[in-house]
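In case you want the letters, here they are:
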Amino acid sequence: MTDRKEHHSMSAISAADLAPTPYAWQIRATGLKVRAGRTRLAVDGLDLSLGTGVTGLLGPNGAGKTTLIRALATVLRPAGGSLELLGRSVTDRGEHRALRRRIGYLPQEFGYYKRFTVREFVEYMAWLKEVPKADVPAAVQRAVERVGLADRADERLKTLSGGMVRRVGIAQAIVNDPAILLLDEPTVGLDPAQRLRLRQLLQELGTDTCVVVSTHLVEDVAAACTDVVLFDEGRLVFQGTPGDLAAAGGPEHVGDSPLERGYSALLQGPEQGRGTW
Amino acid sequence: MSAEHAAARLIDAYARGDTHIAADEVWALEAHLELCRICRDRLSAATAAGAPAVTAVVDAVWADLEPRLAATAPHRRLRPARWPRWLTPTMVPWLATVMSVTLFALLFDLTGTGPGHGPGAGRVPLVLLLAPVLPVLGVAASWSRGLDPACELTASTPRAGLPLVLRRTASVLAVVVPALLACGWVTGVTAGQWLLPCLAFTSSALALGGVVGVTRAAAVLITVWAAVVVAPALATSRTPLVLHTDGLPVWGLILALGTGAVIARKGAYAGPGALR
C-alpha cells in the first residue's frame, strides 16, 4: 500500500514531456546589446548562458538588470548580438508567439487592474498567455495556491496590501507553467516571513524551470539561488555559485557578510570606495 | 483485451493493493487510468468485487462527506467579465468620454445653439464634424503604455500584437458607430457622409500607430482634423469640402491604404514600437 501512495502524486506523462530538449541552455546570449530608451545601451555586449535552476541577477541600481530582464521577456528587441531563448532566436518575430507561451514575467513595476479580483486578474493573464481554455480554472487555482492567496482569491486587487499584490504578480507569472520565469525584484514589499516563503517557492520552481530573479538584496541570493550573475554597467562581471561569490571577497572588503564582501570586491575592484553611495 | 488497455490481472492486483506490482507498472497503470475512462470503470468494478475493505472505506468517507457537501453552497463560478477580452478596464472611461461628447454634440445640434450655427449661415451639424475622429479617441486607449497599467505585462504575452489591438478597436467601433448612427438619424446626417471617413481615420490611426505608437498617432490625427477641418468649418459655418459626398472615393482610398499598411506591418504590433 505504501508503494501505491507514493505514486499517487505523479500524473500522466505526455509525449511532449518525454521529448528531448533541442537546446543546451534555456537562455543564451552572445554579445547581446539592448537599448534603454533611444540611445543608451543598458546591456552592452553580454555573454550569458543560463540553464535550469534559480539564477540571481545582482548588480547596483542602474546596472541594466531591468533592461536585460525586459529583453529576456521579449518586450525589448535586442539592438545587437544574439539572444536565444529555449533554442529559438528572439530576433525572428514569427517565433515570438510560441516562445511567449512558455515565459513567465513579473515586471519591476507590476501594473494591474484595481477592480479585478485576484482570480479574475490571473484568469485574464492566463487568457493573454493562451493557456488552453479547459485548463484555465485549474491553472489559476494552482497558481493562486502556490503564492498562498487561495483565501483571498475572490477579493479585489485594490483591497490587498503591497506584499499581496506582489504575490498576485508572481501567481500570474507562473500560471502558464513557464519554462523560463523572469522575476524583476520579486521580494520588494514582502515582509520577512513572506520572503522566506518566496525563497522556498523559487527553490521548488528551480528544479525544472530556468528562473531568473533580479534583486539588489544579497541575502536573497544566498538563500534561494543556485547560480549568481553579477552585472554592472551592462556587462557581466561574474557568474558562479553563491559560494564562489563569497570566496571572492576578503576581510579587507566592505560588507557585513561573506557574500556582501564578495559583491563589493568584484564590483569595485582596485578603486575601492569610489563615490559615497 | 486490446493492447491499449490495462490487463485485468494488473487492475485486480491494483484494486487489492497488491504490493508485488513493480513500481514502473504501477506508474504506467496510473498514468493510463488518469486518461482512460473504461479502465477506471473496470477498476471500480474490480474494487467492488475483490477488495471489500477499500469499498468500505470509500463508502464511509462518502457517508461522512455527503451531508457536508449538501450543506456547502455550490461554488459560485466567478466568471470573469467577458469584456476584458474585448476592452481593458482603462478603456471604459475613454469610451464614456466619447459617448458624452457625442451626446453633447447632439444636444447642440438639436437645440441649434452650437458654435456652428451662426446667424443666417448654413447649419453644420457638430455630429458630422466630430464623427470621423470620435472612434480614434477610444482606439488611442487600446494599446497605450501611459493609459493601461497592465501594458508591460500584456506586451510580454503571446496574444499581444495586431489581433489584440484589432479586437479592442472593433469593440470601440461596436459601441461608437451605433451611437453615431442614432445621432445621425436624429439630426438628419446620413451615415454615408461620415461612416467611411470614420473607418478611414481608424485604419490610419492604426497604421500610423505601428510606427509611432497608437496613442501618439491618434493624438496627431485628432489635432490635424481639428485644425484643418473642424476649426474652419465652425468659423465659416459651411460644411467642409472633405465631408461632401464627392469626397467619398478619397476616403475609400485612405481606408484601403491604411488597412494595407496595417496588414503589411502586422508584426510591428507585437513589439514595443506600437506601444508608447
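None of the values given here were measured: they were computed from a predicted structure.

J.: Can you break down the overall build of chain B residue by residue, with the values?
T.: Each helix and strand in chain B was counted, giving twelve helices and zero strands. Counting helices and strands in the order they occur from the N terminus, chain B gives α-α-α-α-α-α-α-α-α-α-α-α. The buried share among the 276 residues of chain B stands at 43%. At a minimum sequence separation of 6, the contacts of chain B that also span at least 24 residues come to 72%.

J.: Report on the domain arrangement of chain B, specifying residues and quantitative values.
T.: Here chain B is described as being made up of domain 1 (8–71) and domain 2 (91–274). Computed from C-alpha atoms alone, the centre-to-centre distance between domain 1 of chain B and domain 2 of chain B is 63 Å.

J.: So what's going on with the pairing of strand 8 (residues 210–215) of chain A? Residues and values would help.
T.: Residue and element names in this part refer to chain A. Counting buried positions along strand 8 gives six out of six residues, so the element sits mostly inside the fold. Because side chains alternate across strand 8, one face comprises the buried residues Cys 210, Val 212 and Ser 214, and the other comprises Val 211, Val 213 and Thr 215, equally buried. In the sheet, strand 3 (residues 53–58) pairs with strand 8 via six bridges, with the strands oriented parallel. Each bridged residue has a counterpart across the sheet, and for Gly 56 the counterpart in strand 8 is Val 213. In terms of strand pairing, strand 7 (residues 180–184) meets strand 8 through five bridges, oriented parallel. Its bridge partner being in strand 8, Ile 180 is matched across the sheet by Cys 210.

J.: Describe the UniProt feature "transmembrane region" (unreviewed entry) in chain B, naming the residues involved and giving the relevant values.
T.: All names here are of chain B. UniProt records the feature "transmembrane region" (unreviewed entry) for residues 86–106, 126–144, 165–188, 194–212, 219–236 and 248–268 in the present numbering. For residues 194–212, the end-to-end C-alpha separation is 26 Å, with 100% helix and 0% strand making up the annotated structure. Taken as a whole, residues 248–268 contains 81% helix and 0% strand, while its terminal C-alpha atoms sit 29 Å from one another.

J.: Give a description of the sheet that holds strand 5 (residues 88–89) of chain A that names residues and reports values.
T.: Residue and element names in this part refer to chain A. Taken in spatial order, the four strands line up as 2-1-4-5 in an open sheet, and their pairing is antiparallel. Each having just a single partner strand, strand 2 (41–50) and strand 5 make up the two edges of the open sheet. Bridging between strand 4 (residues 80–85) and strand 5 involves two bridges; their strand directions are antiparallel. Residue pairing in the sheet places Leu 85 in a bridge with Arg 88 of strand 5.

J.: Please give an account of helix 7 (residues 162–174) of chain A that cites residues and values.
T.: Helix length check: helix 7 of chain A, at 13 residues, gives a terminal C-alpha distance of 19 Å against a target of 18 Å (1.5 Å per residue), a fit within 8%. Counting buried positions over the 13 residues of helix 7 of chain A gives twelve, a clear majority of the element. Those residues of helix 7 of chain A that fall on the buried side of the exposure criterion are Gly 163, Met 164, Val 165, Arg 166, Arg 167, Val 168, Gly 169, Ile 170, Ala 171, Gln 172, Ala 173 and Ile 174 of chain A. Of the surrounding elements, those touching the buried residues of helix 7 of chain A are strand 6 (103–106), helix 5 (118–128), helix 6 (136–146), strand 7 and helix 8 (192–205) of chain A together with helix 8 (151–155) of chain B.

J.: Account for helix 10 (residues 191–212) of chain B, with residues named and values stated.
T.: Because an α-helix packs 3.6 residues into every turn, residues spaced three or four apart end up facing the same way. Here helix 10 of chain B is 22 residues long and its end C-alpha atoms lie 31 Å apart, about the 32 Å a rise of 1.5 Å per residue gives. Phi turns positive, to about 105°, at Gly 213 of chain B, one or two residues after helix 10 of chain B.

J.: Lay out the pattern of salt bridges with the relevant residues and their values.
T.: Opposite charge on two side chains allows them to pair when their charged atoms are near. Evaluated as defined, the whole model comprises 14 salt bridges over all chains. Linking Glu 152 of chain B and Arg 70 of chain A is a salt bridge whose minimum nitrogen-to-oxygen distance equals 2.8 Å. Placement of the pair is Glu 152 of chain B in helix 8 and Arg 70 of chain A in helix 3 (residues 65–72), with the two residues belonging to separate chains. With a closest N to O distance of 4.0 Å, Arg 37 of chain B and Asp 41 of chain B form a salt bridge. Of the two residues, Arg 37 of chain B and Asp 41 of chain B both sit in helix 3 (residues 37–50), four residues apart, roughly one turn of that helix.

J.: Outline the pairing of strand 4 of chain A, listing residues and values.
T.: All names here are of chain A. Pairing of strand 1 (residues 27–35) with strand 4 involves five bridges; the strand directions are antiparallel. Its bridge partner being in strand 4, Ala 29 is matched across the sheet by Leu 83. Here strand 4 folds back onto strand 5 in antiparallel fashion, the turn holding two residues, of which Leu 86 has a positive phi close to 50°.

J.: How would you explain the sheet that holds strand 3 of chain A if you had to name every residue and give the values?
T.: Residues and elements named next belong to chain A. Pairing within the open sheet is mixed, and its six strands lie in the order 6-7-8-3-9-10. In this open sheet, the two strands that pair with only one neighbour each are strand 6 and strand 10 (235–240). Averaged over all pairs of adjacent strands, the angle between strand axes in this sheet comes to 15°, irrespective of strand direction. Seen against the sheet, helix 7 touches strand 6 and strand 7 and runs at an angle of roughly 165° to strand 6.

J.: Can you explain the state of the cysteines? Please cite residues and give values.
T.: Per the counting criterion, the structure on display carries zero disulfides over all chains. In this model Cys 210 of chain A remains outside any disulfide bridge; the closest cysteine sulfur is found in Cys 225 of chain A, 12 Å from its own. This cysteine, Cys 183 of chain B, is not joined by any disulfide, and Cys 198 of chain B carries the nearest cysteine sulfur, 12 Å off. Looking at Cys 183 of chain B, the relative accessible area reads 7%, which means it is buried.

J.: Help me get a handle on the side chain of Ser 144 of chain B, residues and values and all.
T.: Residue and element names in this part refer to chain B. By the element assignment, Ser 144 lies in the loop between helix 7 (134–140) and helix 8. Take Ser 144: its relative accessible area is 2%, and that puts it in the buried class. Looking at Ser 144, its side chain comes within polar contact range of the main-chain nitrogen of Leu 147, at 3.1 Å.

What counts as what
Residues numbered from 1 in each chain as written. Chains lettered and ligands numbered in written order. Predicted model: local features only at pLDDT ≥ 70, side-chain atom pairs only at ≥ 80, totals over all residues. Heavy atoms only, no water. Helix = DSSP H or I, 4+ residues; strand = E, 2+ residues; numbered from the N terminus. Buried < 20%, exposed > 50% of the residue type's maximum accessible area, 1.4 Å probe, protein only. Contact = heavy atoms within 4.5 Å. Domains from an automatic or database assignment. Pairing = 2+ DSSP bridges. UniProt positions renumbered as here; feature names shortened; annotations may be inferred. Expected span 1.5 Å × (residues − 1). Salt bridge = Lys/Arg side-chain N within 4 Å of Asp/Glu carboxyl O. Axes fitted to C-alpha atoms, helices over the stretch in contact; angles between N-to-C directions. Disulfide = S-S within 2.5 Å. Polar contact = N/O pair within 3.5 Å; in protein donor to acceptor, adjacent residues only side chain to side chain.

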